[in-house]
Amino acid sequence: MPDSSVASDRTRVFPLELDRLYPVVVRGEGVWVEDSAGKRYLDAMSGGSMAATLGHGRRDIIAAARDQALQLSYVHNERLTNPARERLAAELVEVAPPGMTRVRFTTGGAESNEAALQMARSYHVERGDTKRWHVISPAQAYHGPTMATLALTGRPGLQRPFGPYLSTHHHIPPSTWRFDSTGKAALAALDKVLEEVGPENVSAYFCEPITAAALPAYSPPELFWKGLAERREQHGFLILYDEVVTGMGRTGHWFAAEKLPLAPDIIATAKGLGAGYAAIGGVICQDRVYQAFANGSHKLTHGHTWDGAPVTCAVGLRVIEVLREEGLIDRMRVKGPHLRDELAAALADVPMVREVRGHGFLLGVEYVDPRDGRSFLPPELGTARRVDLTAMDVGLIVYSTMPTRDGYAGDQTLFAPPFTTTDTELTQMVERFAETIRTVAKSIEAELK
Ligand SMILES: Cc1ncc(COP(=O)(O)O)c(C=O)c1O
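Residues numbered from 1 in each chain as written. Predicted model: local features only at pLDDT ≥ 70, side-chain atom pairs only at ≥ 80, totals over all residues. Heavy atoms only, no water.

1. Thoughts on the pattern of salt bridges
Step number 1: A full pass over the atoms with the stated rule returns 29 salt bridges.
Step number 2: Ionic pairing is found between Asp307 and Arg104, a salt bridge with its closest N-O pair at 3.6 Å. Of this pair, Asp307 sits in the loop between helix 10 (287-294) and helix 11 (310-325) while Arg104 sits in strand 6 (residues 100-106), placing them 203 residues apart in sequence.
Step number 3: Look at Arg104 and you get buried, because its relative accessible area is 15%.
Step number 4: The partner of Asp423 in a salt bridge is Lys335, and the shortest N-O contact between them spans 3.8 Å. (Salt bridge = Lys/Arg side-chain N within 4 Å of Asp/Glu carboxyl O. Helix = DSSP H or I, 4+ residues; strand = E, 2+ residues; numbered from the N terminus. Buried < 20%, exposed > 50% of the residue type's maximum accessible area, 1.4 Å probe, protein only.)

2. Section: the environment of Met45
Step number 1: Relative to the helices and strands, Met45 resides in the loop between strand 5 (40-43) and helix 1 (46-50).
Step number 2: It is 31 Å that separates the C-alpha atoms of Met45 and Tyr74, two residues lying 29 residues apart in sequence.
Step number 3: Once residues within four sequence positions are removed from consideration, Met45 is found in contact with Met50, Ile397, Val398, Tyr399, Leu414 and Ala416. (Contact = heavy atoms within 4.5 Å.)

3. Remarks on the nonpolar core
Step number 1: Counting 87 residues, the largest nonpolar core has Leu92, Tyr205, Phe255 and Phe433 as the members making the most contacts within it.
Step number 2: Take this core: its biggest share by element is 10 residues, from helix 14 (residues 423-448).
Step number 3: The residues that make up this core include at least three from each of domain 1 (5-57 + 329-448) and domain 2 (61-325).
Step number 4: Excluding anything up to four places from it in sequence, Leu92 contacts Val103, Phe105, Met248, Phe255, Leu273 and Ile320.
Step number 5: Grouped together as the second largest cluster of nonpolar side chains are 19 residues, Leu117, Leu152, Ile266 and Ala268 included. (Core = buried A, V, L, I, M, F, W, Y, C linked by side-chain atoms within 4.5 Å. Domains from an automatic or database assignment.)

4. Quick look at the domain arrangement of the protein
Where the parts come together, the accessible area they lose is often given as the size of the interface.
Step number 1: Considered domain by domain, the protein is made up of domain 1 (5-57 + 329-448) and domain 2 (61-325).
Step number 2: Averaged C-alpha coordinates put domain 1 and domain 2 at centres separated by 26 Å.
Step number 3: Taken together, the contacts link 42 residues of domain 1 with 42 residues of domain 2.
Step number 4: In total, domain 1 and domain 2 occlude about 3300 Å² of area from one another, counting both sides; carbon and sulfur atoms represent 61% of this.
Step number 5: Considering only the surface of domain 1 that becomes buried against domain 2, Ile329, His359 and Tyr408 emerge as the three largest contributors, covering 24% of it.
Step number 6: Counting every contact that joins domain 1 to domain 2 gives 1 salt bridge.
Step number 7: Among the salt bridges present, the one from Asp406 reaches Arg155, with a minimum N-O distance of 3.1 Å. (Buried area = accessible area lost by both parts, 1.4 Å probe.)

5. Section: the site of the ligand
Step number 1: Taken together, Gly108, Gly109, Ala110, Asn113, Tyr142, His143, Gly144, Glu208, Asp242, Val244, Val245 and Lys271 make up the full set of residues adjacent to the ligand.
Step number 2: In the model, an oxygen atom of the ligand is placed 2.8 Å from a nitrogen or oxygen of the Ala110 main chain.
Step number 3: Lys271 is positioned such that a nitrogen or oxygen atom in its side chain is 2.8 Å from an oxygen atom of the ligand.
Step number 4: Look at the ligand: alone it shows 390 Å² of surface, and the protein chains cover 79% of it.
Step number 5: Looking at the shell around the ligand residue by residue, the classes come out as 4 nonpolar, 5 polar and 3 charged. (Near = heavy atom within 4 Å. Polar contact = N/O pair within 3.5 Å; in protein donor to acceptor, adjacent residues only side chain to side chain. Areas by Shrake-Rupley, 256 points an atom, 1.4 Å probe, with all protein chains shown as cover. Nonpolar A, V, L, I, M, F, W, Y, C, P; charged D, E, K, R; others polar.)

In structure tokens:
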């Protein structure tokens, strides 16, 4: 039998973490995955990255991909199109916020974000507003590992050692309890940046409407969104949402944009569109963005080999059908708050747990030093890593991070089950997670004494 986990000195893969043992996952069914030793894990992270939104082993999605591959597997998108691509674009426009009329396909999240960034810049250039290129964004974010998307966050921990390659964008702090939860401080920071850069030079405000891994399930307060909308109106920059995680249902809406008091000009989405069965993303824009090109050069200079390929689009189409047929988005809208409450109740007596946030099936748990209930946990304790490893021991996959060195967030865990998780499985996930956190908290409290 092959080893059930792989160390960096036993593989030809270049792993992301060289001192981590990688469990070898050999099969998946529903919300369960199994390693090569036969150990089963409850997948509370939708494939580990929030992509496998509909669970593993879905024969209907596999059949959709197979049927399309038999009919036509691949044609390029620059001079040719195909029915799956045309239909998927129409379906996405249907479920996107009002006024959005055009879709450009990509193969993933970072690519969608870069395409959105280029679309915004080109929109201004098409209109003769060529000075606009600066981007303002929340510092505590993740938009992908490419140079352009790394530059969009304000996290030195992520940007190191690529500084010389990264454009200088501008960042504002989150409106969390650590800073100013009213949103006033973030708006003041936004105004300061606008003044320093000159609002006439700003292309876009770029953000996750509800944050994923960087600050799980955080979203600014209404005051901030309204203030942002006023500033867009006044200064003419565009608002871009990274809905790579939140798009396609995750928060109990087709897009998180739906429930915010501000409509974005461009949405970038990915993960849930392929549900882990295809590498596909999309950039969706308001008609006025498209019209700038229609009234201008008639060209969008952005395209990759796999954009809008028939097989990936056939998967996207079936994903949308499943979301509709099984009423999954409505279920998450109703079930999400209960799940958040269950998680909060299960962790209520753990002093290390400061906050449990949730929007639909995107939930986050924030940890603090139990000695004062507010400081970051000492980084050398490696709390995030302990949580994930302990969870694996009890047969649960979650995803924790420790971005302490960036100054905006400490140890935290993302909990994002597949939309298809049954009530019983959700309860099991919560139980296993509570067991994990109790075990970790006990050892940490002992070490802090
Ligand atoms: C919010 C967000 N944006 C962008 C990305 C990058 O997506 P990808 O890894 O598909 O390039 C991620 C990936 O986790 C993400 O969580």
